[in-house]
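Below are the chains, spelled out letter by letter.
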Amino acid sequence: MARMKFLCDAERCIECNGCVTACKQEHDVPWGVNRRRVVTINDGVPGERSISVACMHCSDAPCMAVCPVDCFYRTEEGVVLHDKDLCIGCGYCFYACPFGAPQFPQTGAFGVRGKMDKCTFCAGGPEPDGSPQEFAKYGRNRLSEGKLPACAEMCSTKALLGGDGDVISEIYRNRVTMRAARGSISGPPWGWDSAYGGPQPASAPTPGPAPAPAPAPGSKS
Amino acid sequence: MTRAMTIAVAACLMLAVAACSERPQVVQYKQGTYSGKPDTPPYQSAPYNGDKAAWERAMATRAQAQNEYKRTN
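K.L.:
Mind showing me how you'd approach the overall build of chain B here?
P.N.:
Broken down by element type, chain B carries three helices and zero strands. Counting helices and strands in the order they occur from the N terminus, chain B gives α-α-α. By residue count, 14% of the 73 residues in chain B fall in the buried class.

Structure (C-alpha coordinates):
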(Lines give C-alpha, C1' and ligand atoms only; values in the text may rest on other atoms or scores of the structure.)
Protein backbone atom coordinates (compact mmCIF):
# COMPACT_ATOMS: atom_id res chain seq x y z
CA MET A 1 0.00 0.00 0.00
CA ALA A 2 1.15 3.51 -0.79
CA ARG A 3 0.68 6.51 1.44
CA MET A 4 -2.66 7.89 2.54
CA LYS A 5 -3.41 11.21 0.87
CA PHE A 6 -6.17 13.74 0.34
CA LEU A 7 -6.98 15.14 -3.07
CA CYS A 8 -9.40 18.01 -3.61
CA ASP A 9 -10.77 18.60 -7.09
CA ALA A 10 -11.42 22.35 -7.34
CA GLU A 11 -13.46 21.77 -10.50
CA ARG A 12 -16.01 19.81 -8.52
CA CYS A 13 -16.18 21.41 -5.07
CA ILE A 14 -19.48 23.29 -4.69
CA GLU A 15 -18.72 24.79 -1.25
CA CYS A 16 -21.50 22.84 0.43
CA ASN A 17 -19.39 22.45 3.59
CA GLY A 18 -20.62 18.90 3.94
CA CYS A 19 -17.06 17.71 4.61
CA VAL A 20 -16.72 20.25 7.43
CA THR A 21 -19.98 19.12 8.97
CA ALA A 22 -19.15 15.45 8.59
CA CYS A 23 -15.79 15.94 10.32
CA LYS A 24 -17.27 17.91 13.21
CA GLN A 25 -20.04 15.38 13.70
CA GLU A 26 -17.85 12.31 13.35
CA HIS A 27 -15.25 13.40 15.87
CA ASP A 28 -17.38 15.55 18.13
CA VAL A 29 -15.02 18.44 17.44
CA PRO A 30 -15.49 21.26 19.97
CA TRP A 31 -16.90 24.66 19.15
CA GLY A 32 -14.30 26.97 17.64
CA VAL A 33 -12.16 24.20 16.17
CA ASN A 34 -12.43 23.27 12.50
CA ARG A 35 -10.24 20.40 11.44
CA ARG A 36 -11.46 20.92 7.89
CA ARG A 37 -12.79 24.02 6.19
CA VAL A 38 -13.73 25.14 2.70
CA VAL A 39 -11.86 28.06 1.17
CA THR A 40 -13.37 29.91 -1.78
CA ILE A 41 -11.26 31.99 -4.11
CA ASN A 42 -12.86 34.83 -6.09
CA ASP A 43 -16.09 34.35 -4.18
CA GLY A 44 -19.08 35.62 -6.11
CA VAL A 45 -17.09 36.20 -9.27
CA PRO A 46 -17.78 34.00 -12.30
CA GLY A 47 -15.22 31.23 -12.28
CA GLU A 48 -14.87 31.08 -8.49
CA ARG A 49 -13.18 27.99 -7.10
CA SER A 50 -13.63 26.27 -3.75
CA ILE A 51 -11.19 23.95 -2.05
CA SER A 52 -11.66 21.80 1.00
CA VAL A 53 -8.58 22.23 3.20
CA ALA A 54 -7.31 20.23 6.16
CA CYS A 55 -4.05 18.62 7.21
CA MET A 56 -2.55 17.10 4.06
CA HIS A 57 -0.32 14.69 6.01
CA CYS A 58 2.75 15.96 4.18
CA SER A 59 5.65 13.77 3.14
CA ASP A 60 8.11 16.12 4.81
CA ALA A 61 5.81 17.68 7.38
CA PRO A 62 6.92 21.16 8.55
CA CYS A 63 4.92 20.81 11.77
CA MET A 64 6.96 17.77 12.63
CA ALA A 65 10.20 19.66 11.99
CA VAL A 66 9.42 22.65 14.19
CA CYS A 67 7.73 20.95 17.15
CA PRO A 68 9.90 21.69 20.23
CA VAL A 69 8.63 18.66 22.16
CA ASP A 70 8.62 16.21 19.22
CA CYS A 71 5.03 15.16 19.74
CA PHE A 72 4.46 14.31 16.05
CA TYR A 73 4.90 10.93 14.45
CA ARG A 74 4.08 9.40 11.10
CA THR A 75 2.31 6.07 10.82
CA GLU A 76 3.36 3.44 8.31
CA GLU A 77 0.38 4.54 6.17
CA GLY A 78 1.88 8.04 5.98
CA VAL A 79 -0.60 9.70 8.33
CA VAL A 80 0.90 12.49 10.46
CA LEU A 81 -0.45 12.28 14.02
CA HIS A 82 0.53 13.75 17.37
CA ASP A 83 0.42 12.90 21.04
CA LYS A 84 -1.76 15.40 22.88
CA ASP A 85 -0.25 14.36 26.20
CA LEU A 86 3.05 15.86 25.02
CA CYS A 87 1.75 18.91 23.17
CA ILE A 88 2.39 22.17 25.01
CA GLY A 89 0.24 24.30 22.70
CA CYS A 90 3.09 26.57 21.67
CA GLY A 91 1.64 27.15 18.20
CA TYR A 92 4.87 26.70 16.24
CA CYS A 93 3.18 24.08 14.06
CA PHE A 94 0.46 26.56 13.16
CA TYR A 95 3.02 29.00 11.79
CA ALA A 96 4.91 26.27 9.95
CA CYS A 97 1.93 24.61 8.29
CA PRO A 98 1.31 25.83 4.72
CA PHE A 99 -2.32 24.72 4.97
CA GLY A 100 -3.25 26.27 8.34
CA ALA A 101 -4.24 22.85 9.63
CA PRO A 102 -3.32 23.03 13.35
CA GLN A 103 -6.17 24.34 15.48
CA PHE A 104 -6.10 25.48 19.08
CA PRO A 105 -9.14 25.42 21.33
CA GLN A 106 -9.47 28.62 23.34
CA THR A 107 -11.71 27.48 26.13
CA GLY A 108 -9.43 28.51 28.99
CA ALA A 109 -9.20 31.82 30.75
CA PHE A 110 -7.66 34.83 28.99
CA GLY A 111 -7.85 33.10 25.60
CA VAL A 112 -5.11 30.66 26.57
CA ARG A 113 -4.26 28.16 23.85
CA GLY A 114 -5.07 24.55 24.51
CA LYS A 115 -3.39 21.52 23.04
CA MET A 116 -3.21 21.44 19.28
CA ASP A 117 -5.97 19.67 17.39
CA LYS A 118 -5.89 18.73 13.73
CA CYS A 119 -7.20 16.30 11.15
CA THR A 120 -6.11 12.75 11.95
CA PHE A 121 -7.17 11.24 8.60
CA CYS A 122 -9.74 9.53 10.85
CA ALA A 123 -6.87 7.44 12.24
CA GLY A 124 -7.22 8.34 15.92
CA GLY A 125 -4.04 8.72 17.90
CA PRO A 126 -1.66 7.02 20.32
CA GLU A 127 -4.37 5.46 22.49
CA PRO A 128 -5.95 2.01 22.24
CA ASP A 129 -7.95 1.79 18.99
CA GLY A 130 -11.62 2.56 19.48
CA SER A 131 -11.22 3.41 23.16
CA PRO A 132 -13.13 6.27 24.83
CA GLN A 133 -9.78 7.93 25.56
CA GLU A 134 -8.90 7.92 21.87
CA PHE A 135 -12.28 9.35 20.91
CA ALA A 136 -12.07 12.08 23.54
CA LYS A 137 -8.61 13.22 22.47
CA TYR A 138 -8.45 12.52 18.76
CA GLY A 139 -11.88 11.50 17.53
CA ARG A 140 -13.07 8.33 15.91
CA ASN A 141 -10.61 5.85 14.42
CA ARG A 142 -12.27 4.94 11.14
CA LEU A 143 -9.15 3.49 9.55
CA SER A 144 -9.06 0.74 12.16
CA GLU A 145 -12.67 -0.06 11.19
CA GLY A 146 -11.67 -0.40 7.53
CA LYS A 147 -13.22 2.91 6.56
CA LEU A 148 -11.84 6.02 4.87
CA PRO A 149 -12.08 9.56 6.27
CA ALA A 150 -15.68 10.67 6.77
CA CYS A 151 -15.19 13.96 4.89
CA ALA A 152 -14.09 12.23 1.70
CA GLU A 153 -16.55 9.37 1.89
CA MET A 154 -19.58 11.60 2.25
CA CYS A 155 -18.54 14.30 -0.26
CA SER A 156 -21.62 14.59 -2.46
CA THR A 157 -19.76 15.59 -5.63
CA LYS A 158 -16.72 13.43 -4.90
CA ALA A 159 -14.56 16.56 -5.11
CA LEU A 160 -12.67 15.41 -2.04
CA LEU A 161 -10.94 12.08 -2.39
CA GLY A 162 -9.08 10.35 0.41
CA GLY A 163 -7.21 7.11 0.61
CA ASP A 164 -4.25 5.32 -0.88
CA GLY A 165 -2.36 7.87 -2.97
CA ASP A 166 -2.03 5.53 -5.95
CA VAL A 167 -5.74 4.71 -5.99
CA ILE A 168 -7.09 8.22 -5.64
CA SER A 169 -4.61 9.67 -8.15
CA GLU A 170 -5.78 7.01 -10.60
CA ILE A 171 -9.40 8.01 -9.98
CA TYR A 172 -8.45 11.65 -10.54
CA ARG A 173 -6.44 10.80 -13.67
CA ASN A 174 -9.42 8.98 -15.12
CA ARG A 175 -11.59 11.97 -14.31
CA VAL A 176 -9.21 14.42 -16.00
CA THR A 177 -9.07 12.19 -19.07
CA MET A 178 -12.83 12.30 -19.31
CA ARG A 179 -12.77 16.08 -18.93
CA ALA A 180 -10.11 16.43 -21.62
CA ALA A 181 -12.29 14.34 -23.92
CA ARG A 182 -15.04 16.90 -23.35
CA GLY A 183 -12.61 19.72 -24.08
CA SER A 184 -12.35 21.23 -20.59
CA ILE A 185 -8.99 21.98 -19.04
CA SER A 186 -7.81 20.72 -15.68
CA GLY A 187 -4.63 21.43 -13.75
CA PRO A 188 -2.75 19.35 -11.21
CA PRO A 189 -4.52 18.57 -7.92
CA TRP A 190 -4.49 21.52 -5.57
CA GLY A 191 -1.85 21.42 -2.83
CA TRP A 192 -0.05 18.30 -4.01
CA ASP A 193 3.12 20.16 -4.92
CA SER A 194 3.33 21.67 -1.41
CA ALA A 195 2.38 18.53 0.45
CA TYR A 196 3.99 15.72 -1.50
CA GLY A 197 6.54 17.46 -3.74
CA GLY A 198 6.27 18.13 -7.45
CA PRO A 199 5.90 15.47 -10.12
CA GLN A 200 8.86 13.11 -10.10
CA PRO A 201 10.53 12.60 -13.50
CA ALA A 202 10.94 9.03 -14.66
CA SER A 203 14.68 9.52 -15.16
CA ALA A 204 16.87 12.35 -13.99
CA PRO A 205 17.95 14.60 -16.88
CA THR A 206 21.64 14.80 -17.60
CA PRO A 207 23.13 18.12 -16.58
CA GLY A 208 24.04 20.29 -19.49
CA PRO A 209 24.88 23.89 -20.22
CA ALA A 210 22.26 26.32 -19.02
CA PRO A 211 20.27 27.84 -21.90
CA ALA A 212 20.95 31.45 -22.65
CA PRO A 213 18.23 33.75 -21.27
CA ALA A 214 15.89 35.13 -23.84
CA PRO A 215 16.42 38.83 -24.49
CA ALA A 216 13.83 41.09 -22.97
CA PRO A 217 11.49 42.81 -25.42
CA GLY A 218 13.01 46.02 -26.61
CA SER A 219 16.48 45.19 -25.34
CA LYS A 220 19.53 45.53 -27.57
CA SER A 221 21.70 42.53 -28.18
CA MET B 1 -0.69 24.90 71.45
CA THR B 2 1.55 21.90 71.04
CA ARG B 3 -1.24 20.05 69.26
CA ALA B 4 -1.77 22.91 66.83
CA MET B 5 1.93 23.03 66.04
CA THR B 6 1.98 19.28 65.48
CA ILE B 7 -0.90 19.55 63.05
CA ALA B 8 0.81 22.44 61.25
CA VAL B 9 4.10 20.55 60.95
CA ALA B 10 2.27 17.47 59.71
CA ALA B 11 0.45 19.54 57.11
CA CYS B 12 3.74 21.09 55.96
CA LEU B 13 5.31 17.67 55.68
CA MET B 14 2.39 16.41 53.61
CA LEU B 15 2.68 19.43 51.33
CA ALA B 16 6.42 18.88 50.97
CA VAL B 17 5.99 15.32 49.71
CA ALA B 18 2.90 16.00 47.59
CA ALA B 19 4.91 16.30 44.39
CA CYS B 20 6.50 12.89 44.93
CA SER B 21 3.31 11.23 43.67
CA GLU B 22 3.43 12.98 40.30
CA ARG B 23 4.32 10.56 37.56
CA PRO B 24 6.70 11.73 34.82
CA GLN B 25 4.95 12.90 31.65
CA VAL B 26 7.85 12.02 29.34
CA VAL B 27 9.80 8.96 30.27
CA GLN B 28 12.72 9.33 27.91
CA TYR B 29 13.10 12.52 25.97
CA LYS B 30 15.48 12.38 23.06
CA GLN B 31 15.95 15.42 20.86
CA GLY B 32 14.57 15.02 17.35
CA THR B 33 12.67 11.78 17.89
CA TYR B 34 9.07 11.11 18.80
CA SER B 35 8.80 10.89 22.54
CA GLY B 36 5.13 10.08 23.00
CA LYS B 37 3.17 6.90 23.47
CA PRO B 38 3.42 4.19 20.81
CA ASP B 39 0.51 3.71 18.44
CA THR B 40 -0.81 0.48 16.97
CA PRO B 41 -1.38 0.09 13.24
CA PRO B 42 -5.04 0.14 12.14
CA TYR B 43 -5.04 -3.51 11.06
CA GLN B 44 -4.26 -4.61 14.63
CA SER B 45 -7.76 -3.65 15.73
CA ALA B 46 -10.60 -6.09 16.40
CA PRO B 47 -12.14 -6.46 12.93
CA TYR B 48 -8.82 -7.50 11.35
CA ASN B 49 -6.73 -8.85 14.23
CA GLY B 50 -3.41 -8.20 12.51
CA ASP B 51 -4.46 -9.34 9.02
CA LYS B 52 -2.84 -6.55 7.03
CA ALA B 53 -3.80 -7.99 3.64
CA ALA B 54 -7.50 -8.11 4.57
CA TRP B 55 -7.35 -4.55 5.81
CA GLU B 56 -5.68 -3.35 2.62
CA ARG B 57 -8.30 -5.15 0.53
CA ALA B 58 -11.05 -3.47 2.52
CA MET B 59 -9.44 -0.07 2.04
CA ALA B 60 -9.00 -0.60 -1.69
CA THR B 61 -12.65 -1.61 -2.06
CA ARG B 62 -13.72 1.35 -0.02
CA ALA B 63 -11.55 3.74 -2.08
CA GLN B 64 -13.14 2.58 -5.32
CA ALA B 65 -16.52 3.64 -3.95
CA GLN B 66 -15.27 7.19 -4.53
CA ASN B 67 -14.94 6.53 -8.25
CA GLU B 68 -18.37 7.33 -9.61
CA TYR B 69 -17.29 6.48 -13.16
CA LYS B 70 -16.83 2.94 -11.98
CA ARG B 71 -20.08 2.98 -10.05
CA THR B 72 -22.29 4.24 -12.86
CA ASN B 73 -20.74 2.55 -15.85
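Following the structure, the description resumes.
K.L.:
Teacher, can you tell me more about the overall build of chain A here?
P.N.:
What chain A contains, in helices and strands, is seven helices and six strands. The order of α-helices and β-strands along chain A, N terminus first, is β-α-β-β-α-β-β-α-α-α-β-α-α. Taking all 221 residues of chain A together, 38% fall into the buried category. Within chain A, contacts between residues at least 6 apart in sequence are counted, and of these 55% link residues at least 24 apart.

K.L.:
Could you clarify how one ought to interpret unusual backbone geometry in this entry?
P.N.:
Glycine aside, the phi torsion of most residues is negative, and most peptide linkages are trans. The residue A:His57 is not glycine, and still its phi comes out positive at about 55°. One can find A:His57 in the loop between β3 (49-53) and α2 (62-66). Not every positive phi belongs to a glycine, and B:Asn49 is a case in point at roughly 50°. Here B:Asn49 is to be found in the loop between α1 (2-16) and α2 (52-64).

K.L.:
Can you help me understand the interface of chain B and chain A in this one?
P.N.:
Chain B puts 26 residues into the contact, and the matching count from chain A is 32 residues. Mapped onto the side of chain B that touches chain A, the elements with two or more residues apiece are α2 and α3 (68-72) of chain B. For the side of chain B that touches chain A, the element with the highest residue contribution is α2(B), accounting for seven residues. For the side of chain B that touches chain A, the residue count by class is twelve nonpolar, nine polar and five charged.

K.L.:
What exactly am I supposed to notice about the environment of A:Asp166 here?
P.N.:
Residue position: A:Asp166 is located in helix α6 (residues 165-182). By the C-beta count within 10 Å, which is 14 here, A:Asp166 ends up partly exposed.

K.L.:
Explanation requested: the nonpolar core in the structure shown.
P.N.:
Most often, soluble globular proteins keep nonpolar side chains buried together rather than apart. One finds A:Phe72 and A:Leu160 to be the most contacted residues of the largest nonpolar core, which totals 54 residues. Excluding its chain neighbours within four sequence positions, the residues that come into contact with A:Leu160 are A:Phe6, A:Cys8, A:Cys19, A:Ser52, A:Cys151, A:Ala152 and A:Cys155.

K.L.:
What should I look at first to understand α6(A) in this one?
P.N.:
In an α-helix there are 3.6 residues to a turn, and that puts residues three or four apart on one side. For α6(A), which comprises 18 residues, the first-to-last C-alpha distance of 26 Å matches the rise-based estimate of 26 Å (1.5 Å per residue) to within 8%. Elements that come into contact with the buried residues of α6(A) comprise β1 (4-8) and β6 (160-164) of chain A together with α2 of chain B.

K.L.:
Is there a simple way to think about the environment of A:Phe6 in this case?
P.N.:
Assignment of secondary structure puts A:Phe6 in strand β1. On a C-alpha basis, the gap between A:Phe6 and A:Ile168 in space is 8.2 Å, while along the polypeptide they are 162 residues apart.

Conventions adopted
Residues numbered from 1 in each chain as written. Chains lettered and ligands numbered in written order. Predicted model: local features only at pLDDT ≥ 70, side-chain atom pairs only at ≥ 80, totals over all residues. Helix = DSSP H or I, 4+ residues; strand = E, 2+ residues; numbered from the N terminus. Buried ≥ 20, exposed ≤ 12 C-beta atoms within 10 Å, placed from the backbone. Contact = placed C-beta atoms within 7 Å. Nonpolar A, V, L, I, M, F, W, Y, C, P; charged D, E, K, R; others polar. Core = buried A, V, L, I, M, F, W, Y, C linked by C-beta atoms within 7 Å. Expected span 1.5 Å × (residues − 1).

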